[in-house]
Amino acid sequence: MGAAVARELSRFHLSCTLLEAGPDIGAGTSKANTALLHTGFDAKPGTLEARLVRRGHELLSAYAAQVGIPLARIGALLVAWTPEQRAAFPEIVERAHANGDAAIRGVEVEELYRREPHLGPGAHGALDIPDEGIVCPFTTPLAYATEAVLNGCELRRGTRVVAVERRSEGGFNLQTTAGLISTRFFVNAAGLYSDELDRLAGHGGFTITPRRGELIVYDKLARPLLNHIVLAVPTGTTKGVLVAPTVFGNVLVGPTAQDVQRKDDTSSTAEGLAYLRAEGTRILPHLSQHETTAVYVGLRAATEHTDYQLTIHAAEGYACIGGIRSTGLSASLAIAEHVRTELGAAGLELRPKESPATVRMPNIGELSPRPYEQGGRIVCFCERVTLAEIEAALGSTIPPVDLDGLRRRTRVLMGRCQGFYCGARVAALLREGTE
Amino acid sequence: MTDVIVVGGGPAGLACAIELRRRGISDVVVLDREERAGGIPRHCAHQGFGVRDLRRALTGPAYAQRYVELAQRAGVDIRAETMVTGWSPDGSLEVTAPESRESLRASAIVLATGCRERPRPARLVPGSRPEGVLTTGLLQQLVELRSPRIGTRAVIVGAEHVSFSALLTLVHAGVRVAGMATHLPRHQSLPGAVVGAALRYRLPLWTRTLLTEIRGLPRVEEVELRDLGTGATRAVTCDTVVFTADWIPDHELSVTGGLELDPGTRGPQVDTALRTTHAGLFAAGNLLQGAEPAHVAALSGRHAAAAVAGWLNQCDRWPERVPIVCRPPLLWISPNAVSGGEPPSRDRFALRSSAFLDGPDIEIRQHDRLLWTGRLRRMVPGRSSSLPASWLVKVDPHGSAIEVQSAAQWH
């Protein structure tokens, strides 16, 4: 979210600094979500979230094509597994229509199984939401941040704000773990910690209770089992367990939804994994014969409120972007646009640059040709990552600082062997490249 | 068109290529995706290689090098850093090499892509995702490449031969080993290895023990172990976890090529001559099953060459086959189909059990006919028992699947 705002603002003649508390861009909540491009068909009509997800879907679709972010609108099928769930369809359709989604339509059982032949037995029909999609959760924030940096935004990683002080002449002094920064305008996009930073800024209208979501990624050999995103009928607290292809060619099952106390509690649990395994094989029985490639855990920034906690304190020059839950990736560009407009109204002078820099990101998805398909030295066999791609990442505008960062930029070590074959060599390349 | 393309330049692939050249096949290409051919033994810096296939005692790296030299001397075209990424619709191989991308066709293809250890996510071990979680394969290469910070105190998961290999590698790298955990009631290695390790390194062996959680960030801080007998859990402090064994064939090309997999081995189903279910396609080595020692893989590659040569000379029809299936607690048999009457590699089948069995009575049946019965000595999970091949002559080639079962009780 912060990267999206920085990108948006860097297109104007401004002095802008992006502070990242973590070691890298997108290393917090952004890296561990369901990687879906939501249409917002199921959002609560009239909310900020409903509006911004819809707008964000449009903006991100266009931006992805422009900068090379893997994204595909493969469509979602929301499947009813009981008559009760089926009975909820009219309400869901009504809500989608209220949110401006005219494409949603009912799918009878026969058509459903024709379109998803490997779906488990017992479906009572589905809703087709054709504009739902999948998107790369790693390239997206990196593209934002890279574009921001190329346009003069200063990026400071590993820099956490520890105190906020208001200056008498207006603006803020931000005390960080790496010194003092003075600024006229201040945007809080601290994710899970946005409530704490909001309190440091003298506000505090919400409290974040992290909602843990565990996800299992299945082997690429399972990819042919699935054509669409298969959604569950939502309950009051969660959208339920979904099964979806990923832009990398895997199949993802998740998330669980459990409120946790600690904002760094990204541990998976035996119960959660067993539940996902059971749900996955219920929805897609052949999954039981496939290997699991990865397990990851994300924390959604849930609050006591149902809507985003997006507040612009115009007089102070402070914007708070809080409570952005699982729809943040989809809405990111719209939220940035919204914040920029509101800050402009609050007095931030917005003079557009004549020709702001644009970026073209390396393609790490399976939706279009990868570099290895032109020849090259393949280092990571499972994910087909070439030496040239690794070297390019190490020499990029925002180079990785650790293996996880290299993984998000190239896909190395993300595959089924988890480094059995190439882990030592990749670590050595990173060591050499960052020395 | 090439005569034979061998995919994978480990012991099985190289031994197969050497034997093909010896049989007079002119055009034999080995494609290996690693920087150097030689396969997994390249990273096994200990003795014990080569005695039974090369008639000399070598370390892993020397053994791998020896096979590369023998293959080069035999006129095999070894291409390193060359990876087969898939199949063209016409059945040729899609190949990425440093300077090229091409489709390669061959009259016969031998898949010898080996196997890997299941890493932590494939075992669904819960907990945090810290640094310091390894497989033996990764550990050996980290040590080989002199990586800093391997760790200071490790827990090893598994108690097979390879687990003790991991132990020696850790000790060599200056990492203390807190203990070795196995869910089984006993270790699966040779008694000497265990007694030796216990005496030299004061190694605790935790049997009937499951690793149930990994904790710590950014580095492993401790693991939770559960005693399967009492259900009690306890934490063990460590900064490194090595997941050993639990092999799975690297069967991607087998699956994308449309080969039928054996449900037990998860490798391609092969008959005794190592033909897969696809005409002109053979498989050898540890792709067939995870995992056998290097010499067994090499000898299986050498064995496959006979049927490959036969196919090239006659391009005869691909024979019909009768699959062999195992009943629990037997896990798998390899090879796992019968078509011609050819004897299997080393004149024996490899049979595995998921449990320790003392002197199990094994029965091989086809429908209601008993093909063979006999008592094996002790069966140990993760180690193959040899089953004779004398019963092959009794198989009805048009009959139903052959079943292998044990009359012994679970232990």
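Predicted model only: the values in this text are computed from it and were never measured.

Conventions used here
- Residues numbered from 1 in each chain as written.
- Chains lettered and ligands numbered in written order.
- Predicted model: local features only at pLDDT ≥ 70, side-chain atom pairs only at ≥ 80, totals over all residues.
- Helix = DSSP H or I, 4+ residues; strand = E, 2+ residues; numbered from the N terminus.
- Rg over C-alpha atoms; globule rule 2.2 N^0.38 Å.
- Buried ≥ 20, exposed ≤ 12 C-beta atoms within 10 Å, placed from the backbone.
- Contact = placed C-beta atoms within 7 Å.
- Pairing = 2+ DSSP bridges.
- Axes fitted to C-alpha atoms, helices over the stretch in contact; angles between N-to-C directions.
- Nonpolar A, V, L, I, M, F, W, Y, C, P; charged D, E, K, R; others polar.
- Core = buried A, V, L, I, M, F, W, Y, C linked by C-beta atoms within 7 Å.
- Parallel < 35°, antiparallel > 145°, perpendicular 65-115°, else oblique.
- Left-handed = near helix turned anticlockwise from the far one by under 90°.
- Domains from an automatic or database assignment.
- Expected span 1.5 Å × (residues − 1).

Let's shift gears to the overall build of chain B. Within chain B one finds seven helices and 26 strands. Taking 2.2 N^0.38 as the reference for a compact globule, 411 residues should give roughly 22 Å; the C-alpha atoms of chain B span a radius of gyration of 22 Å, in line with that estimate. For chain B, with 411 residues in total, the buried portion stands at 53%. Long-range pairs, those at least 24 residues apart, make up 65% of the contacts in chain B with a sequence separation of at least 6.

Residue and element names in this part refer to chain A. Spatially, the three strands line up as an open sheet ordered β12-β20-β19, and their pairing is mixed. Sheet topology places β12 (186–188) and β19 (309–313) at the edges, where each strand pairs with a single neighbour. If you compare each strand with its neighbour and ignore which way they point, the axes differ by 5° on average. Here β12 runs beside strand β20 (residues 318–322); their pairing, made up of three bridges, is parallel. Its bridge partner lying in β20, F186 is registered against Y318.

This brings us to the interface of chain B and chain A. Contact residues are listed per partner, giving 31 residues for chain B and 31 residues for chain A. Elements that contribute at least two residues to the side of chain B that touches chain A include exactly β4 (83–87), β5 (93–97), β6 (100–104), β8 (115–117), α3 (136–144) and α6 (252–256) of chain B. Per element, the largest residue contribution to the side of chain B that touches chain A is four residues, and it comes from α3 of chain B. Partitioning the side of chain B that touches chain A into residue classes produces 13 nonpolar, 10 polar and eight charged.

Looking now at the nonpolar core. Formed by 239 residues in total, the largest nonpolar core has its most connected members in V135 of chain A together with C16, V110 and V241 of chain B. Discounting chain neighbours no more than four positions away, the residues touching C16 of chain B are V6, V110, A112, A284, G301, R302, A304 and A305 of chain B.

A few words now on unusual backbone geometry. Residue and element names in this part refer to chain B. Across the junction of P328 and P329, the peptide omega takes the value 5°, indicating a cis bond. By the secondary structure assignment, P329 is in the loop between β19 (322–326) and β20 (330–334). Cis geometry marks the peptide bond from S334 to P335; its omega dihedral reads -5°. As for its placement among the helices and strands, P335 is situated in the loop between β20 and β21 (337–338). With a phi close to 45°, R202 is a non-glycine residue in the positive phi region. As for its placement among the helices and strands, R202 is situated in the loop between α5 (191–201) and β12 (205–206). The backbone of L274 shows a phi angle near 70°, a positive value even though the residue is not glycine. Here L274 shows up in the loop between α6 and β18 (281–283).

Okay, the packing of helix α1 (residues 2–10) of chain A against helix α9 (residues 328–345) of chain A next. Residues and elements named next belong to chain A. Following both chains from N to C, one finds α1 and α9 inclined at 50°, their axes separated by 8 Å at the closest point. By the angle class used here, α1 and α9 are oblique. Relative to α9, the crossing made by α1 is right-handed. Here A4, V5, R7, E8 and L9 of α1 lie close against α9, whose contacting residues are S332, L333, I335, A336, E337, V339 and R340. Residue composition of the contact of α1 with α9, by class: seven nonpolar, one polar and four charged.

What follows deals with the domain arrangement of chain B. Residue and element names in this part refer to chain B. Under the domain assignment used here, chain B contains domain 1 (1–117 + 246–318), domain 2 (119–242) and domain 3 (321–411). Contacts between domain 1 and domain 3 engage 17 residues on the former and 20 residues on the latter. Each residue belonging to the side of domain 1 that touches domain 3 can be placed in one class, and the counts come to six nonpolar, seven polar and four charged.

Once that is clear, we can look at the domain arrangement of chain A. All names here are of chain A. One can read the domain layout of chain A as domain 1 (2–30 + 138–208 + 305–345), domain 2 (76–130 + 212–301) and domain 3 (371–434). Of note, the centres of domain 1 and domain 3, computed from C-alpha atoms alone, are 30 Å apart. The interface of domain 1 with domain 3 comprises 13 residues on the first partner and nine residues on the second. Of all elements in the fold, only α6 (139–150) and β8 (154–157) reach the threshold of two or more residues within the side of domain 1 that touches domain 3.

The next subject is the environment of L174 of chain A. Here L174 of chain A shows up in strand β10 (residues 172–176). Setting aside residues up to four positions removed in sequence, L174 of chain A forms contacts with V161, V164, I181, T183 and F186 of chain A.

Time to look at the packing of α1 of chain A against α6 of chain A. All names here are of chain A. Packing of α1 against α6 brings their axes to within 8 Å, and their N-to-C directions diverge by 35°. The handedness of the crossing between α1 and α6 is left-handed. Contacts from A3, A4, A6, R7 and S10 of α1 reach α6 at P141, Y144, A145, E147 and A148. In the contact of α1 with α6, the residues fall into seven nonpolar, one polar and two charged.

All right, on to the environment of G48 of chain B then. With respect to the helices and strands, the residue G48 of chain B is situated in the loop between β2 (28–31) and α2 (60–73). In this structure the C-alpha to C-alpha distance between G48 of chain B and L31 of chain B, which are 17 residues apart in sequence, comes to 26 Å.

All names here are of chain A. Compared with the 16 Å implied by 1.5 Å per residue over 12 residues, the 16 Å span of α6 between its first and last C-alpha is a close match. The element α6 is extensively covered by neighbouring structure, given that 11 of its 12 residues are classed as buried. Regarding α6, the residues found buried are T139, T140, P141, L142, A143, Y144, A145, T146, E147, A148 and V149. Phi turns positive one or two residues past the end of α6, at G152, with a value near 100°.

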